[in-house]
Structure formats: C-alpha cells, structure tokens
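This is what each chain is made of:
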Protein chains: 2
Amino acid sequence: MRLSTEFRDLCRRHKLSATHQRQVIFETLQSLHSHPSPEVLYERVRREIPSISLATVYKNLKTFVEAGMLREVSLHHGTLRVDSNPHPHHHLVCASCKAIMDLDAASLAPIRLKSKLPKGFQVQRFSVDIIGLCRRCSRTRRGTVSSS
Amino acid sequence: MRLSTEFRDLCRRHKLSATHQRQVIFETLQSLHSHPSPEVLYERVRREIPSISLATVYKNLKTFVEAGMLREVSLHHGTLRVDSNPHPHHHLVCASCKAIMDLDAASLAPIRLKSKLPKGFQVQRFSVDIIGLCRRCSRTRRGTVSSS
DNA sequence: CTAGATGCAAACAGTTTGCGTCACT
DNA sequence: AGTGACGCAAACTGTTTGCATCTAG
C-alpha cells in the first residue's frame, strides 16, 4: 500500500515492519514541528486514515521509541514531580528508574544564548536535565528498568 | 497542633493557612532529596499521619505550586510527548499552553560540566528546556492558560 | 503461511472533584 | 463563627491490554 521507499528503508534499518499507519504517524510527526500529544497527533493522522484507532497511535509511538526512531521529550510524563529546592540547580535524571537528583547550578558552565529566540518568546528560566543512568541502574541491566 | 513557627511563617508569607498535613507534606518533600511521585510521598507522609488521604497530598501539591512554594519538575507530566527531530537541539517550552518548539543546539553555548557528578552516574545526554511564555500566551493573560 | 500489526472495547493508573465534616484564624 | 482544609468515594483523563481479524514479509 503506497509506502515510500524512504520509510520502508527506515523501518528496515530499525527492524520494524512497514505499514501504512506507521508511515502516516511518523511522517505526520515529522511534518509538525511541534511535539503534539498523542491525542492531537491522532486527530491529524485521522485525516489520512479515518479508520485508525487511538490505540494504534499509542502502540506505535511506543514501538518507535523502543526502536530508537523517536525519543520521549519528558521522561516523567505519567507522574507529577515537584521541586522544593529553592536554590538554582539542575537535574540528573536516570533514564532507567526515572530517579531525579539535584545538581548545584555551579556544576555547569552558565547557559548562554548565542542567537535570538523566536519573536515574542519571553524567557522565564532555563532547565537542564542531565540524562543517563544512575549508579544503581548502570550496575544492573543497562538501560532497562531495574528489577529490585 | 504542634506546627513549627518556621512553617507558620512560610505559609503566612504565601497566604496559605498552616495545617499539620501541609507541614508534614512540605517537610517530607524537603527532607527527601529526590523528587518522589505523589504516591511515594503519600506513603512517606502516612508514617507521620496515618489517616491522611492521597487526595489531600494532591490538593496540597497543587496548592503549593500555585502559591510558588514548589515548582513542577516537568511541565509535561500528564501527556506523552515525543521528538522526531534527529538533530541536536533544545526546547522552548511555553509554561502556559505547554507548547514545545525546537531550538537548534547551536543557539546555546555548549553545556560544560565544571565539577564531578555523583559517583557512578553515566551521562547519556543533556536536555535543555528554555521555559517561558510563547508569543501567543505572552500577549494574552500572562502565565494563565489562554482561552482560545 | 506465519508473526506481527490493527481496531475495538474493556481495564488501568494517576489525578481531580463533590460533598459532608472538621480545624485554622 | 466563617472560610477553607480534610477524608472519602466516585468521576475523569490519559494510557495499556486482550482478543479477534487482517496484513506484511
């Protein structure tokens, strides 16, 4: 079903079977330069494939992330996290167990803008996440959710 | 009920009434140097106040955030966002409408560590969010969810 | 032909809300 | 004394899962 060779190749490289739904989901995502919620993406994709189901969108987003074709913008969607540390600081985030540790702002060279931002955007603050594996997770299976 | 003067003052400054539950929630959060999920925080707080309800924890987290005593770690908990942009880049995040825009990595001075990270942490990548108000939101009610 | 993808509906997890009672100011 | 906080249970929203059918390879 009219799948582009580009998308076929991309899927082959990532060891996924190429389906029409996947191509439309992936390409819609790329064409949008924002990072829409699954719901919004679903509405967009529905214009192309009216019969697609929301579950398929979710399943494929997960598949793409696992295959490395997409990355999650925030590792903490799904649960509220708050910060009571009033000092300027950054976060160390474990990609595996999702733990968040504070890192003093002085540990990083100051963030400096080198070019103009899009017109009208008013900066409030910078937030830096250093993403990786915490000691515990890097000792066990790398990149997988730890068992204990 | 045995509330510390410190906490009383903190609440007064933020125009909140000081309750035992609030003090325990807030101080538990501060004593933990991680950023636990509401569920985990609830379990901790329950050791002090066995009768507290999870709803109270949620209500107060929200109250504290609104009062400015806490800040949300991620503005996108509650909805999955993915990134299909393979080029190194940062994100402009609108604190009001939650829109995410890409910003080329070259727009920011390179992130450099000035000190050692906690032992055993393996860095995978840096993720920088520039948080503020997008053009649209900064034109309308500042900091509030836009109506249209 | 077979493994895996899809669509649907039902199940889940995290969060919010309504309401009667209780506590702070 | 009155406003607002608490605790409970029910409602919601976003996401996942089970299963029957269909499709890519």
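Just so we're clear, the structure is a prediction, and the values are computed from it rather than from any experiment.

The next subject is the side chain of His91(A). Topologically, His91(A) is positioned in strand β3 (residues 89-94). A relative accessible area of 7% places His91(A) in the buried class. Beyond its immediate chain neighbours, meaning those up to four positions away, His91(A) contacts Asp83(A), Ile100(A), Met101(A), Asp102(A), Val128(A), Asp129(A), Ile130(A), His35(B) and Val73(B).

Turning our attention to the pairing of strand β3 (residues 89-94) of chain B. Residues and elements named next belong to chain B. Across the six residues of β3, six count as buried, placing the element largely inside the fold. Here β3 shows a buried face lined by His89, His91 and Val93 and a second buried face lined by His90, Leu92 and Cys94. Relative to strand β4 (residues 100-104), β3 runs antiparallel, the two sharing five bridges. Across the sheet, residue His91 finds its bridge partner in β4, namely Asp102. Between β3 and β4, which pair antiparallel and follow one another directly, the connecting turn spans five residues, one of which, Lys98, has a positive phi of 65 degrees. Relative to strand β5 (residues 122-133), β3 is paired through four bridges, and the arrangement is parallel. Considered in β5, the bridge of Val93 is made with Ile131.

What follows concerns the state of the cysteines. A disulfide bridge is the covalent bond that connects two cysteines by way of their sulfur atoms. Taken as a whole and judged by the stated rule, the model has zero disulfides over all chains. In this structure Cys94(A) is a free cysteine whose sulfur lies 3.7 Å from that of Cys97(A), the closest cysteine sulfur available. Free cysteine: Cys134(B), not disulfide-bonded; nearest cysteine sulfur from Cys94(B) at 3.7 Å.

What counts, and at which threshold
- Residues numbered from 1 in each chain as written.
- Chains lettered and ligands numbered in written order.
- Predicted model: local features only at pLDDT ≥ 70, side-chain atom pairs only at ≥ 80, totals over all residues.
- Heavy atoms only, no water.
- Helix = DSSP H or I, 4+ residues; strand = E, 2+ residues; numbered from the N terminus.
- Buried < 20%, exposed > 50% of the residue type's maximum accessible area, 1.4 Å probe, protein only.
- Contact = heavy atoms within 4.5 Å.
- Pairing = 2+ DSSP bridges.
- Disulfide = S-S within 2.5 Å.

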